[in-house]
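Examining the three-dimensional arrangement
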Amino acid sequence: MSASAWEARKLLRAARVGTLATVSGGQPFASLVTPACAADLSVLLLLSDLSKHTRHLRAEPRCSLMVSGAAEGPNPQTTPRVTVTGNAERLAEPGAKARFLAIHPYAALYADFADFSLWRIRPLGGLFVGGFGRAARLRAADMTPDPVAVAAVEAAAANIISHCNADHADALTAIAGSLGEWRMAAVDVDGCDLAQGERVIRIHWMAPVVGSEGVRNELVRLAHLARTG
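This write-up is about the structure you can find in this document.

Rules behind the numbers
- Residues numbered from 1 in each chain as written.
- Predicted model: local features only at pLDDT ≥ 70, side-chain atom pairs only at ≥ 80, totals over all residues.
- Heavy atoms only, no water.
- Helix = DSSP H or I, 4+ residues; strand = E, 2+ residues; numbered from the N terminus.
- Buried < 20%, exposed > 50% of the residue type's maximum accessible area, 1.4 Å probe, protein only.
- Lys, Arg positive; Asp, Glu negative; His and termini not counted.
- Salt bridge = Lys/Arg side-chain N within 4 Å of Asp/Glu carboxyl O.
- Polar contact = N/O pair within 3.5 Å; in protein donor to acceptor, adjacent residues only side chain to side chain.
- Contact = heavy atoms within 4.5 Å.
- Axes fitted to C-alpha atoms, helices over the stretch in contact; angles between N-to-C directions.
- Parallel < 35°, antiparallel > 145°, perpendicular 65-115°, else oblique.
- Nonpolar A, V, L, I, M, F, W, Y, C, P; charged D, E, K, R; others polar.
- Core = buried A, V, L, I, M, F, W, Y, C linked by side-chain atoms within 4.5 Å.
- Pairing = 2+ DSSP bridges.
- Left-handed = near helix turned anticlockwise from the far one by under 90°.

Tracing the backbone shows Arg81 in strand β6 (residues 81-91). In this structure, Arg81 is buried with no salt-bridge partner, the nearest side chain bearing the opposite charge being Glu72 at 9.4 Å. A polar contact is formed between the side chain of Arg81 and the backbone oxygen of Gln77, at a distance of 3.1 Å. With sequence-adjacent residues up to four places away left out, Arg81 is seen in contact with Leu11, Met66, Val67, Ser68, Pro76, Leu127, Phe128 and Val129.

Helix-helix packing is characterised by the crossing angle of the two axes and by the distance between the axes. Direction vectors running N to C along helix α5 (residues 147-167) and helix α6 (residues 169-176) enclose 95 degrees, while the axes themselves pass 5 Å from each other. Considering the angle they form, α5 stands roughly perpendicular to α6. Across from Cys164, Asn165 and Asp167 in α5, the residues of α6 making contact are Ala169, Asp170 and Leu172. Its residues assigned to classes, the contact of α5 with α6 shows 3 nonpolar, 1 polar and 2 charged.

Another aspect to go through is the nonpolar core. By size, the foremost hydrophobic cluster in this structure holds 27 residues, and its most contacted members are Met184, Val187, Cys192, Leu194, Trp205, Val215 and Leu219. Put simply, the parts of the chain that give this core at least two residues each are α5, α6, β9 (183-188), β10 (191-196), β11 (199-204) and α7 (212-228). The biggest single contributor to this core is α5, with 8 residues. Core analysis: the next-biggest nonpolar cluster, separate from the first, contains 24 residues, Leu41, Val43, Val84 and Met143 among them.

This paragraph deals with unusual backbone geometry. Non-glycine residue Leu41 carries a positive phi angle of around 80 degrees. In this fold, Leu41 is placed in the loop between β3 (36-37) and β4 (43-48). Take Leu41: its relative accessible area is 1%, and that puts it in the buried class.

A sheet is described by the order of its strands in space; here 3 strands give the open sequence β9-β10-β11, paired in antiparallel fashion. If you trace the sheet from one side to the other, it starts and ends with β9 and β11, each paired once. Recorded for the sheet is a direction-independent mean angle of 20 degrees between the axes of neighbouring strands. Strands in contact with α6 are β9, β10 and β11; relative to β10, the strand with the most contacts, it is inclined by about 100 degrees.

Between α5 and α7, the least distance of the axes is 9 Å, while the angle of their chain directions is 40 degrees. Remark: the crossing between α5 and α7 carries right-handed chirality. Contacts from Val153, Ala156, Ile160 and Cys164 of α5 reach α7 at Ser212, Val215 and Leu219. Looking at side-chain class alone, the contact of α5 with α7 contains 6 nonpolar, 1 polar and no charged residues.

A few words now on the pairing of strand β2 (residues 27-33). Pairing analysis gives 7 bridges linking strand β1 (residues 18-24) to β2, with the strands arranged antiparallel. Note that in β2 the partner of Thr22 across the bridge is Phe29. Taking the residues between adjacent antiparallel strands as the criterion, β1 and β2 are bridged by 2 residues, where Gly25 takes a positive phi near 60 degrees.

Attention now goes to α6. Residues spaced three or four apart along an α-helix point in a common direction, a consequence of the helix completing one turn every 3.6 residues. Within α6, the full set of buried residues consists of Ala171, Leu172, Thr173, Ile175 and Ala176. Contact partners of the buried residues in α6: α5, β9, β10, β11 and α7. Taken from the residues just after α6, Gly177 is the one with a positive phi, measuring 75 degrees.

Given below as structure tokens:
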């Protein structure tokens, strides 16, 4: 995996807000959305059936999503960002909704409303811009995690999360780098998400892992780094 693909994956995993581009009658339309990533890096969106972009996706599922990080200075062109293209589809998977709510817990207030639905975008390609003058085109294969590793971590995720929350709350607080009670909300091959109330932060692994032992090693490394500086 290239450095650009890894940076793009991290941006997608960490994104809490993005811009969704849909099309209607040949006219592009951009909307603010709140994405979350499934274990396999497909993008999850909780959308109102009443919104224009949802009506657009029903008629034309092709779309794109852009998310960005923080600029390095006053020039906005230094902002790292990634745009992915793909086809949107409606979902009715409890596991996918649970994943979305782990990243956006405040959405539990309306997630079960009749006029809200979960949608998924599987990235078919993309463009990563690491800052001014740094761009790399990405294929789906460049961004898709190893499915065997994804399945292995997913199979162990519930046990990892419950164990860390029950027995290693101090380590999670150290990794979060902020005082308070932190818990693990989600984990995958690229990192984990830590929550304190409705605040959720992304913690990246040094590199993608292939199973639960890799997750353990990364958590030990991050806790040691946080405690020793």
